[in-house]
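Residue-level structure breakdown
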Amino acid sequence: MRRAGLVVWEAHQAAARLVQPGVTTMMINDAVTNVFRRHQAVPLFLGYPGKTPFPAATCISINEEVVHGIPGMRKLLDGDIVSVDTGCSIDGWCGDAAVTHAVGKISHTANKLLNVTLADLNLAIEQIALKQQWSQISRQMQSFVEHQGFSVVETLVGHGIGRKMHEPPQVPNYYESKHAADDFDIRPGVVIAIEPMINVGSKHVRTLADHWTIVTSDGSLSAHFEHTVAVTESGVRRLTAPPDESELEFVAAEFRDSARWFDW
């Protein structure tokens, strides 16, 4: 899974270099596809089943779009925020990660939203080593976000990941006592995709006519960050994190200089 995670990381590096006004979302998708092709990786999103199969290797969601945006000819504009979510499998093992980028100069509210959403993801990962059950972490995640004045999307959650992109357990970013039976223990062997989705306004969302793109019901901004994370005997490991020195051979030469990395 670490090999898959490294390819996903490299795909995000290629995407990040393109995020600027005037670039189309399809250009970003094509850059990700090229990385997967170079590594002979299988894109997990392309053809994903639904009312219509998902048509691309990435979900690219802009501004009020929460997740599952379909790449196309739409151009990024100065002031936009854009979420890039993608995953692949290598030798049958999966990796999945998402980043929300600022396009040019963004508003104070948008900048705060990105910072809070990323901080929420990092909070969850840090707490894995300190907690016994996921509900203890999700309660803290929700409290942190709401204290900042934002809302947590509750109809979309993270997930287990391994041989398939979506496996048990479900990994919510919020806490409700009625879901206590779905809680799970934090123990070595657990591998999950943690992905907070945070809105400036209401937590409520709706799906557009394309059957995929999910947007905020009130049109407010939304942000999304994600890492694939493994719980091991020796600690917590971000499988979609940057390579260490021993792993540089597995990524393209252009990404082997840490000074040129985009990190989250």
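Let us look at the structure shown here. Predicted model only: the values in this text are computed from it and were never measured. (Residues numbered from 1 in each chain as written. Predicted model: local features only at pLDDT ≥ 70, side-chain atom pairs only at ≥ 80, totals over all residues. Heavy atoms only, no water.)

To continue, consider the sheet that holds strand S13 (residues 222–224). Spatial strand order, S6-S10-S13: 3 strands in an open sheet with antiparallel pairing. The open sheet has two free edges, formed respectively by strand S6 (151–152) and S13, since each of these has just one partner strand. As judged from the 2 bridges shared by S6 and strand S10 (residues 197–199), these two strands associate in the antiparallel manner. Note that in S10 the partner of valine 152 across the bridge is isoleucine 198. Across the sheet, helix H3 (residues 108–128) touches S10 and S13, and the angle it forms with S13 is around 35°. (Pairing = 2+ DSSP bridges. Helix = DSSP H or I, 4+ residues; strand = E, 2+ residues; numbered from the N terminus. Contact = heavy atoms within 4.5 Å. Axes fitted to C-alpha atoms, helices over the stretch in contact; angles between N-to-C directions.)

Bringing the pattern of salt bridges into the picture now. Under the counting rule described, the total for this entry stands at 6 salt bridges. Ionic pairing is found between glutamate 65 and arginine 74, a salt bridge with its closest N-O pair at 3.3 Å. Using a relative accessible area of 39% as the deciding quantity, one classes arginine 74 as partly exposed. Salt-bridge contacts for arginine 237 lead to glutamate 247; the nearest nitrogen and oxygen are separated by 3.0 Å. Taken as a pair, arginine 237 in strand S15 (residues 235–238) and glutamate 247 in the segment after S15 lie far apart in primary sequence, 10 residues in all. Several salt bridges share partner residues, and in doing so they unite Arg2, Arg237 and Glu247 into one network. (Salt bridge = Lys/Arg side-chain N within 4 Å of Asp/Glu carboxyl O. Buried < 20%, exposed > 50% of the residue type's maximum accessible area, 1.4 Å probe, protein only.)

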